[in-house]
Amino acid sequence: MSNNTVIKQRSAESDTATPVIAVRGVTLRFGGLVCLSDVELTLNRGEILAVIGPNGAGKTSLFNSLTGVYVPQEGSITLNSANGSTHALLGQKTHVVNKLGLARTFQNIRLFGALTALENVKIAAETRQRTGPVSIMLGLPNARRAERASDRRAHNLMEFVGLGDKINELASSLSYGDQRRLEIARALATDPQVLLLDEPAAGTNPTEKLELAELIRHINAELGISVLLIEHDMRLVMSVAHRVTVLNFGKVIASGTTAEVQRDPAVVEAYLGAEMAAEMLDAQAQEEE
Ligand SMILES: Nc1ncnc2c1ncn2[C@@H]1O[C@H](COP(=O)(O)OP(=O)(O)OP(=O)(O)O)[C@@H](O)[C@H]1O
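Residues numbered from 1 in each chain as written. Predicted model: local features only at pLDDT ≥ 70, side-chain atom pairs only at ≥ 80, totals over all residues. Heavy atoms only, no water.

Peer 1: Help me understand the sheet that holds strand β8 (residues 226-230), please; the structure alone is not making it clear to me.
Peer 2: The pairing of strands in a sheet happens through backbone hydrogen bonds and is either parallel or antiparallel. Ordered in space as β6-β7-β8-β3-β9-β10, the six strands form an open sheet in which the pairing is mixed. Strand pairing shows two members of the sheet lacking a second neighbour, β6 (102-104) and β10 (251-256), which therefore form its edges. Looking at each pair of strands side by side, their axes are set apart by 20° on average, direction ignored. Here strand β9 (residues 243-248) runs beside β10; their pairing, made up of five bridges, is antiparallel. Residue V246 lies in a different strand from β10, and its bridge partner there is A254. The sheet strands contacting helix α7 (residues 176-188) are β6 and β7 (194-198), and the helix crosses β7 at an angle near 155°. (Pairing = 2+ DSSP bridges. Helix = DSSP H or I, 4+ residues; strand = E, 2+ residues; numbered from the N terminus. Axes fitted to C-alpha atoms, helices over the stretch in contact; angles between N-to-C directions. Contact = heavy atoms within 4.5 Å.)

Here it is in structure tokens:
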């Protein structure tokens, strides 16, 4: 069976004009601290949207609000599924959000270090099995079929992210860049419509960053998965994002294409500063070469 059969493709369903995630008027407070203030954000189906902003701007809190870790006091978060159904995500439990089609990676890698790379992915793939615990315990044919399907799916995903030769290595023994890829494979194993990547390039070297950019583009183009990307590395943002939303002190201060955002005076003055603006221009110049 080819990778394409096991790793479900959604590219045919991609439609950049349809919101897959709509965040409307979201406000999140911790006591007196307003962490997100009236945030509006739209991720269109088939799109890669980067969320950038300085440290403490609220980027991870936004991801936590999308995935049910935090429950904002105001606003709404809606998932428009590929099958036409609509789901209110705000206040849903994290496993429910995942089942509905959102998967994420974390800023601080969270793998099972004592398990092999393949086992990490298989565990995630098994969350999509419909086989009950009794069938599994009794080793019934449907349980064995499901087990084989998870195994195949995990193998294919390991190949897809470029870790096909590392399936039996302990997750903790992999390089930082490989651990980041493994986290992505694990998220993909839950068959998401939307992938949330929280600083996937953190701690990686320049070669790994280039490979990561390519992987993100493949996930988007080949699997048809919409991607929300938090990233500080402007070169990576410029090379993969279709649009960018900028957060500063919990507020959206700009949204648009990478070219629009880097020209936006609010971004340049209030957030980027001359140094960051130069970095973005430099990244774009390199992209154009
Ligand atoms: N559980 C919490 N309790 C209290 N304050 C919190 C909590 N989570 C986040 N915050 C605060 O919310 C603000 C935004 O934090 P957040 O981690 O979302 O920012 P960020 O943009 O992801 O930053 P970084 O780029 O450094 O990861 C910070 O002031 C942070 O201290």
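Peer 1: Could you clarify how one ought to interpret the site of the ligand in this entry?
Peer 2: Close contacts around the ligand come from 15 residues, with G56, K59, T60, S61 and Y70 the closest. G56 has a polar backbone atom sitting 2.8 Å from an oxygen atom of the ligand. The backbone of T60 places a nitrogen or oxygen atom 2.9 Å from an oxygen atom of the ligand. Protein chains shield 65% of the accessible area of the ligand, which is 630 Å² for the free molecule. Those elements giving two or more residues to the shell around the ligand turn out to be β2 (33-44) and α2 (59-66). Looking at the shell around the ligand, the element that brings in the most residues is α2, giving three residues. (Near = heavy atom within 4 Å. Polar contact = N/O pair within 3.5 Å; in protein donor to acceptor, adjacent residues only side chain to side chain. Areas by Shrake-Rupley, 256 points an atom, 1.4 Å probe, with all protein chains shown as cover.)

Peer 1: When you look at a positive patch on the surface in this model, what are you seeing that I'm missing?
Peer 2: On the surface, R144, R145, R148 and R152 cluster together into a patch of positive charge. Tracing the backbone shows R144 in helix α6 (residues 141-160). What makes R144 partly exposed here is its relative accessible area of 45%. (Patch = residues over 30% accessible without salt bridge, like charges linked within 9 Å, V, L, I, M, F, W, Y side chains within 5 Å. Salt bridge = Lys/Arg side-chain N within 4 Å of Asp/Glu carboxyl O. Lys, Arg positive; Asp, Glu negative; His and termini not counted. Charge placed at Lys NZ, Arg CZ, Asp CG, Glu CD. Buried < 20%, exposed > 50% of the residue type's maximum accessible area, 1.4 Å probe, protein only.)

Peer 1: Help me out: how do you make sense of the environment of A154 in this one?
Peer 2: The topology assignment puts A154 in helix α6. A relative accessible area of 0% means that A154 is categorised as buried. C-alpha separation for the pair A154 and K122, spaced 32 residues apart in sequence, amounts to 5.3 Å.

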